[in-house]
Amino acid sequence: MAAAEREEVLERTSVKERARLRLREFDVGAKFSHLPLPKASVLLPLLVRGGQLHLLLTVRAMQLRRSPGQVCFPGGKSEIIDKDEIDTALREAKEEVGLQPEKVEVICRLVPGIDKMNNLVTPVVGFIDDTFQAIPNPDEVSDVFVVPLEYFVKPLNYNSFPYKTSSGYSGKMHCFTYDDHEHKRSFEIWGLTAHFAVFLALVIFGKRPTFEVDYDLDNLISSSENNFMSLYASLCEGKESKL
C-alpha cells in the first residue's frame, strides 16, 4: 500500500472514530419505543469521501401516493417481522436502494420525530462503505445522491419558516437547496428529513450552525429530548380534546 493510500485510510478511520464517539453519547436506544404511536424508521447512512463525512439520501418515486418526488432517507413503517427500529431501517434500505444489512455498521438511534401521519419515526445512524453503489427500486426511489454532512450546519443555500402542527406545536422548518454537480441538478431537502440531518450534524460536529435552531446547543441531549416530548404532549392533548 502506497504512503498516500495509507494516509487516506488512517484519515477515514479517524473521521469515523470521532463520529462514533459523539454519536454513542446521543444513543437513545429503546427509550421512546414504548410510546403508543404507529412505528416507522429511517436509516441515516454515513460514508467518508475525501476525508469528509457524507450523508446518503434518496428521492421518492413520482408514482408514490405520499410525498412523490421529495427527498428522504431510506425507511418506512415497521412490520411484524421487525424486532426493533433498527431492523425496520435496515430492511427498508435493502428494499429501496439494495443496501445489504450486513454492509451497515449501525452506531445508534437518535431522538425520534413525529411525521404528518403521526408515525413515531426513529432515525437509525450507520456507516456504509464509500464504494457502495445504490440499486434504486424504481417503484419507490427515482434517485440516490450524497451530501457533505457539514452542509447541514454550514449551507450555501438555506431558508427556514415557522410551522405549526395540527396539534398546536410550533417549530422551525429547515429548507436546504443542494446543488449536486455529479447529477447536474439541485435537490430540495426539508421537513423531517432536514430536521434529522441538522440534528445529526449538530451531534457529530458539536459546533454552532450558520442559522438558528430550536435547541439549547450547550445542552443538546436534554434540549432535543425535551423538544420531542413537547411535540408528543401536544399530540396527546390534541387527541384528548377531540374525544
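Preceding this paragraph is the structure being described.
Here is a short report on the structure shown in this document. Predicted model only: the values in this text are computed from it and were never measured. (Residues numbered from 1 in each chain as written. Predicted model: local features only at pLDDT ≥ 70, side-chain atom pairs only at ≥ 80, totals over all residues. Heavy atoms only, no water.)

Attention shifts here to the side chain of Thr 58. Note on placement: Thr 58 falls in strand β2 (residues 52–60). Every residue in contact with Thr 58, bar those within four places of it in the chain, is listed here: Gln 70, Val 71, Cys 72, Phe 73, Pro 74, Val 97, Val 141, Asp 143, Val 144 and Phe 145. (Helix = DSSP H or I, 4+ residues; strand = E, 2+ residues; numbered from the N terminus. Contact = heavy atoms within 4.5 Å.)

Bringing the packing of aromatic side chains into the picture now. Overall, the coordinates contain 12 aromatic pairs when judged by the stated rule. Measuring from centroid to centroid gives 6.4 Å for Tyr 151 and Phe 152, while their planes differ by 90°, and the two rings are edge-to-face. The exposure class of Tyr 151 is buried, given its relative accessible area of 9%. Aromatic ring contacts, followed pair by pair, group Tyr 151, Phe 152, Tyr 158, Phe 176, Tyr 178 and Phe 211 into a single cluster. Positioned above the aromatic ring of Phe 205 is the side chain of Lys 207, whose terminal nitrogen or guanidinium carbon lies 5.6 Å from the ring centre. (Phe/Tyr/Trp six-rings, centres within 6.5 Å; stacked < 30°, edge-to-face > 60°. Buried < 20%, exposed > 50% of the residue type's maximum accessible area, 1.4 Å probe, protein only. Lys NZ or Arg CZ within 6 Å of the ring centre and 35° of its normal.)

Taking 1.5 Å of rise per residue, 15 residues should cover 21 Å, and helix α3 (residues 191–205) covers 21 Å from first to last C-alpha, within 8% of that figure. Counting buried residues along α3, 12 of its 15 residues qualify, which places the element largely inside the surrounding structure. Residue Gly 206 follows α3 closely and has a positive phi angle near 60°. (Expected span 1.5 Å × (residues − 1).)

Tracing the chain through its elements places Glu 237 in helix α4 (residues 220–241). A sequence separation of 36 residues divides Glu 237 from Ala 201, and the C-alpha atoms of the two residues are 31 Å apart.

Take unusual backbone geometry next. You will see that Asn 118, though not glycine, has its phi angle at about 65°, which is positive. Position of Asn 118 among the secondary structure elements: in the loop between β6 (113–114) and β7 (120–127). A positive phi is found at Lys 184, a non-glycine position, where the angle reads about 55°. With respect to the helices, strands and loops of the structure, Lys 184 is situated in the loop between β10 (170–180) and β11 (185–190).

Here we come to empty space enclosed by the protein. A full pass over the atoms with the stated rule returns 1 cavity of 30 Å³ or more. Lining the largest cavity are Val 28, Gly 29, Lys 31, Phe 32, Ser 33, Glu 85, Pro 112 and Thr 122. For the lining of the largest cavity, a count of residues per class yields 3 nonpolar, 3 polar and 2 charged. (1 Å grid on protein atoms, 1.4 Å probe; cavity = no way out; pocket = protein on both sides within 12 Å on 5 of 7 lines; lining within 4 Å. Points joined across faces, edges and corners; volume = space filled by probe spheres on them. Nonpolar A, V, L, I, M, F, W, Y, C, P; charged D, E, K, R; others polar.)

Residues in a regular strand point their side chains to alternate faces of the sheet. In terms of residue burial, β7 counts as a mostly covered element, since 8 of its 8 residues are buried. Here β7 shows two buried faces, one formed by Leu 120, Thr 122, Val 124 and Gly 126 and the other by Val 121, Pro 123, Val 125 and Phe 127. Relative to β7, strand β1 (residues 39–49) is paired through 8 bridges, and the arrangement is parallel. Bridging across to β7, Leu 46 finds its partner in Phe 127. Pairing geometry for strand β5 (residues 105–109) and β7, over 4 bridges, is antiparallel. Note on β7: the bridge partner recorded for Glu 105 is Phe 127. In this sheet, β7 lies alongside β6 in antiparallel orientation, the contact comprising 2 bridges. In the sheet register, Gly 113 faces β7, and the bridge partner there is Val 121. (Pairing = 2+ DSSP bridges.)

The next subject is the layout of surface pockets. By volume, the second largest pocket amounts to about 260 Å³. Lining the second largest pocket are 15 residues, with Arg 49, Phe 132, Ala 134, Val 144 and Glu 182 sitting closest to its centre. Elements with a minimum of two residues in the lining of the second largest pocket: β1 and β8 (141–148). At 3 residues, β8 tops the list of elements feeding residues into the lining of the second largest pocket. For the lining of the second largest pocket, a count of residues per class yields 8 nonpolar, 3 polar and 4 charged.

For the rest of this paragraph, the subject is the sheet that holds β10. Taking strand neighbours across the sheet as the criterion, the 3 strands line up as β9-β10-β11 in an open arrangement whose pairing is antiparallel. If you trace the sheet from one side to the other, it starts and ends with β9 (158–164) and β11, each paired once. Looking at each pair of strands side by side, their axes are set apart by 20° on average, direction ignored. Relative to β10, β9 runs antiparallel, the two being bridged by 7 bridges. Note on β10: the bridge partner recorded for Asn 159 is Cys 175. (Axes fitted to C-alpha atoms, helices over the stretch in contact; angles between N-to-C directions.)

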